[in-house]
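Here is what each chain is made of, one letter per residue.
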Amino acid sequence: MKNTLLIFSKMHGLGNDYVVIDESKKEIIPEYKKPEIVEELCRRGFSIGADGVIFVVPPTVDKADIRFRIFNADGSEAEMCGNGIRCFAKFVYENGIVPHDEMVVETLGGIKYLELIVRSGEVLASTVDMGKANFKADAIPMINPLIGTDEFMDQELIVDSKPMKMSAVSVGNPHAVIFTDEDLETIDLDYLGPLIENHEAFPQKTNVHFVNIINRGEIKMLTWERGAGFTYACGTGATSCALVGYKLGKLDENVLVHLPGGDLFIVVYPRDGGLGAFMEGDAVLAFDGVVEVDI
Ligand SMILES: N[C@@H](CCC[C@H](N)C(=O)O)C(=O)O
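Residues numbered from 1 in each chain as written. Predicted model: local features only at pLDDT ≥ 70, side-chain atom pairs only at ≥ 80, totals over all residues. Heavy atoms only, no water.

## Remarks on the pairing of strand 8 (residues 122–132)
Step number 1: With 7 bridges connecting them, strand 7 (residues 110–119) and strand 8 associate as antiparallel partners. Within strand 8, the residue paired with Tyr113 across the bridge is Asp129.
Step number 2: Between strand 7 and strand 8, which pair antiparallel one after the other, the connecting turn spans 2 residues, and Ser120 there sits at a positive phi close to 50°.
Step number 3: Note that strand 8 and strand 17 (residues 274–282) share 6 bridges and pair antiparallel. Residue pairing for strand 17: Asp129 is matched across the bridge by Phe278. (Pairing = 2+ DSSP bridges. Helix = DSSP H or I, 4+ residues; strand = E, 2+ residues; numbered from the N terminus.)

Below, the structure written as structure tokens:
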């Protein structure tokens with residue numbers, strides 16, 4: 001029986017859509033119920049429908065203004081979400097939860113620094129410092145030590161009995177990046193996506209991206225997300241593709257990324273002896289609503 005009315009905002013960044021729930025004052029959905037209710041709310045055709053659910057929660061560290069939690073449509077919790085954190089920033093600013101245009105956000109993937117572009121009280125876009133990328137296989141718990149402790153860059157993995165060259169990186173959450181000359185339209189994402197997502201090399205699964213290089217400052221990509229499947233865009237994914245492309249010498253530091261849902265702009269920069277990246281893109285409120293759930 002449904003017994004609780006839940007207030008939510010439905011938001012998206014380039015069509016990568018999220019249900020946003022404010023738990024900054026009090027917890028609405030008990031922890032043990034979150035995966036089940038997230039799955040229910042995300043089910044397209046049967047409920048609101050989304051790629052995931054974002055919770056606004058109080059920070060646990062002094063330096064952060066607020067904490068960001070992101071659950072995928074399958075109920076699993078992810079460490080970070082690039083499109084989601086821009087939606088989150090718009091939500092917390094416009095609802096007066098964090099009323100400044102620069103904010104420090106705690107995520108499971110580390111502390112993130114955001115700058116918002118605000119016009120007449122409305123957040124149009126934001127830039128997120130995505131932090132230092134982690135290319136080290138032994139430092140990325142998602143990557144099985146069996147594939148080595150060095151960086152896993154442009155190396156072969158057997159997928160569907162065939163070798164496929166890919167690179168692994170973590171920007172808080174895990175990504176496998178595959179540069180290809182094959183037209184993205186012809187990639188069987190529904191088949192290859194789950195095979196790579198669940199490959200034994202990635203015991204905690206991975207997000208998967210196929211990338212065409214247009215020129216040194218422009219790429220086109222197609223994503224299969226861990227826990228969500230095909231999405232119109234992936235912010236941490238776009239960041240990962242730009243970082244890997246830069247590291248392999250294929251791309252310059254400024255990269256315009258074309259995704260099925262629109263464009264993101266990534267800037268790679270030197271950080272703490274490695275590489276960091278800024279991600280810039282918009283965030284949109286689709287609608288606010290109330291849904292009845294069984295809590
Ligand atoms: N869509 C996101 C990433 C969401 C989390 C991801 N599916 C994971 O499990 O790591 C983005 O924009 O970054």
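This is not the end of the story, as more comes after the structure.
## Describing the site of the ligand
Step number 1: As a matter of local geometry, the ligand sits amid 15 residues, with Asn16, Gly82, Glu225, Gly235 and Thr236 nearest to it.
Step number 2: In this structure, an oxygen atom belonging to the ligand sits 2.8 Å away from a side-chain N or O atom of Asn72.
Step number 3: Side-chain polar atom of Asn207 to an oxygen atom of the ligand: 2.9 Å apart, as the coordinates give it.
Step number 4: Within the complex, the protein chains bury 100% of what would otherwise be the 370 Å² of accessible surface of the ligand.
Step number 5: At the level of secondary structure, the elements contributing two or more residues to the shell around the ligand comprise strand 2 (16–22), helix 2 (82–94) and helix 4 (235–247).
Step number 6: Of the domains in this structure, domain 1 (3–131 + 282–294) and domain 2 (137–276) are the two that each give at least three residues to the shell around the ligand. (Near = heavy atom within 4 Å. Polar contact = N/O pair within 3.5 Å; in protein donor to acceptor, adjacent residues only side chain to side chain. Areas by Shrake-Rupley, 256 points an atom, 1.4 Å probe, with all protein chains shown as cover. Domains from an automatic or database assignment.)

## Some thoughts on the UniProt feature "active site" (unreviewed entry) in the protein chain
Step number 1: In this numbering, the UniProt entry assigns the feature "active site" (unreviewed entry) to Cys81 and Cys234. Considering the C-alpha atoms alone, the annotated residues occupy 154 residues of sequence yet fold into one spot, their largest mutual distance being 7.6 Å.
Step number 2: Counting through the fold element by element, Cys81 comes out in the loop between strand 5 (77–78) and helix 2.
Step number 3: With sequence-adjacent residues up to four places away left out, Cys81 is seen in contact with Asn16, Tyr18, Phe68, Ile70 and Thr236.
Step number 4: The residue Cys234 is located in the loop between strand 14 (229–231) and helix 4 in this model.
Step number 5: In this structure Cys234 comes out as buried when scored by relative accessible area, which is 3%.
Step number 6: Apart from residues lying up to four places away in sequence, Cys234 is in contact with Asn16, Asn83, His175, His209, Met221, Thr223, Glu225, Leu259 and Leu264. (UniProt positions renumbered as here; feature names shortened; annotations may be inferred. Contact = heavy atoms within 4.5 Å. Buried < 20%, exposed > 50% of the residue type's maximum accessible area, 1.4 Å probe, protein only.)

## Here we look at the nonpolar core
Step number 1: In terms of nonpolar packing, the biggest core is built from 54 residues, with Phe68, Phe88 and Val92 touching the most fellow members.
Step number 2: If you tally residues by element for this core, the top one is helix 2, at 6 residues.
Step number 3: Lining this core are residues from two domains, each supplying at least three of them: domain 1 (3–131 + 282–294) and domain 2 (137–276).
Step number 4: Aside from chain neighbours lying at most four places away, what touches Val92 is Val56, Ile66, Ile97, Val98 and Met103. (Core = buried A, V, L, I, M, F, W, Y, C linked by side-chain atoms within 4.5 Å.)

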